[in-house]
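Single-letter residue listing:
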Amino acid sequence: TIAEMTQWKTPDKIILSIGGDWLHIDSQDNATTSWTPQDTDWLYEVAKKRLIELRLEVILKLRTVAPVKVINVAGNHDEYSSISIYNMLRATYNNSNNVSFNTDKTFEEQPIANTQKRQAIKKGDNLIAFNHGDKYTSSTKHKQIPNDVRTRYWYMIDKDTKVYVMMWHLHKKIKQQEKVINQ
């Protein structure tokens with residue numbers, strides 16, 4: 001909650017990641033981007049409208065605490081819908097001075113890697129990598145994550161960088177700590 005977020009210290013900015021299969025379907029046929037049928041409770045149009053309303057409400061509340069930086073990490077079930085929702089939110093907040101998007105020139109964190117299913121932001125000596133994670137589906141593939149992050153974002157990582165990876169597709173929490181010895 002916002003009260004918990006500000007209990008100890010008010011953040012100087014909030015990074016809000018959207019996408020990641022929140023809608024779960026990508027068509028009026030209740031199918032994923034790759035046309036896999038899904039069992040859903042709502043019609044596509046109703047679900048998409050409600051998700052947009054929720055995202056608008058979240059941004060509205062968060063921006064009262066600190067500037068909001070929005071990134072889109074497309075999932076594998078609703079890739080095109082998440083992009084259209086992201087673009088709609090971006091158009092809504094086009095002239096806002098405290099909401100920015102990772103495709104805007106106002107997005108301060110540099111460098112930023114900007115691809116649909118992978119995002120990375122470096123702030124100080126912290127790198128936050130966002131990845132939907134559908135590539136890492138088996139129980140052993142998650143061990144590839146540290147090497148993949150180092151390979152993809154090598155230009156953002158130095159010996160003092162702490163790396164955090166946020167993923168959704170794994171459907172379970174994995175805490176993996178790796179020591180890297182620089183020679």
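Scroll up to find the structure.
Reading guide: rules and limits
Residues numbered from 1 in each chain as written. Predicted model: local features only at pLDDT ≥ 70, side-chain atom pairs only at ≥ 80, totals over all residues. Heavy atoms only, no water. Helix = DSSP H or I, 4+ residues; strand = E, 2+ residues; numbered from the N terminus. Buried < 20%, exposed > 50% of the residue type's maximum accessible area, 1.4 Å probe, protein only. Pairing = 2+ DSSP bridges. Axes fitted to C-alpha atoms, helices over the stretch in contact; angles between N-to-C directions. Contact = heavy atoms within 4.5 Å. Phe/Tyr/Trp six-rings, centres within 6.5 Å; stacked < 30°, edge-to-face > 60°. Lys NZ or Arg CZ within 6 Å of the ring centre and 35° of its normal.

Trainee: Which parts of the structure should I look at to understand unusual backbone geometry?
Mentor: Both trends apply: most residues other than glycine have a negative phi, and most peptide bonds are in trans. With phi around 55°, Asn30 is a residue other than glycine that occupies positive phi space. Here Asn30 lies in the loop between strand E1 (14–19) and helix H2 (44–62). The exposure class assigned to Asn30 is buried, which follows from its relative accessible area of 17%. Of note, Trp35 is a non-glycine position whose phi angle comes to about 70°, a positive value. For Trp35, the location among the structural elements is in the loop between E1 and H2.

Trainee: Even after reading the chapter, I still don't get the pairing of strand E5 (residues 118–123), so can you show me in this structure?
Mentor: Consecutive side chains along a regular strand alternate between the two faces of the sheet. Of all six residues in E5, five are buried, a share of seventy percent or more. Pairing of E5 with strand E6 (residues 126–131), which is carried by six bridges, proceeds in the antiparallel orientation. Across the sheet, the residue bridging to Gln119 is Phe130, located in E6. Once E5 ends, the chain turns through two residues before running back antiparallel as E6, passing Gly124 with a positive phi of about 65°.

Trainee: How should I be thinking about the sheet that holds E1 in this particular structure?
Mentor: Within a sheet, neighbouring strands are paired by backbone hydrogen bonds and run either parallel or antiparallel to one another. Reading across from one edge, E1-E2-E3 is the order of the three strands in this open sheet, with parallel pairing throughout. Whereas interior strands pair on both sides, the edge strands pair on one side only; in this sheet they are E1 and strand E3 (99–101). Along the sheet, successive strands turn relative to each other by an average axial angle of 30°, direction set aside. The sheet contact formed by E1 and strand E2 (residues 68–73) spans six bridges and is parallel. Its bridge partner being in E2, Gly19 is matched across the sheet by Val73. Sitting on the sheet, helix H3 (residues 79–92) is in contact with E1, E2 and E3, with an inclination near 160° to E2.

Trainee: What exactly am I supposed to notice about the packing of aromatic side chains here?
Mentor: Each pair of aromatic rings is reported with the distance of its centres and the angle of its planes. Per the counting criterion, the structure on display carries two aromatic pairs. Measuring from centroid to centroid gives 5.5 Å for Tyr86 and Phe101, while their planes differ by 80°, and the two rings are edge-to-face. With a gap of 15 residues between them, Tyr86 in helix H3 and Phe101 in strand E3 connect regions that are remote in the sequence. When sorted by exposure, Tyr86 lands in the same class as Phe101, which is buried. With 5.7 Å between their ring centres and 80° between their planes, Trp154 and Tyr155 make a pair best called edge-to-face. The class of Trp154 is exposed, set by a relative accessible area of 60%. If you follow Arg55 out to its NZ or CZ, it ends over the ring of Trp22, 4.3 Å from the centre.

This is a description of form; function is not addressed.
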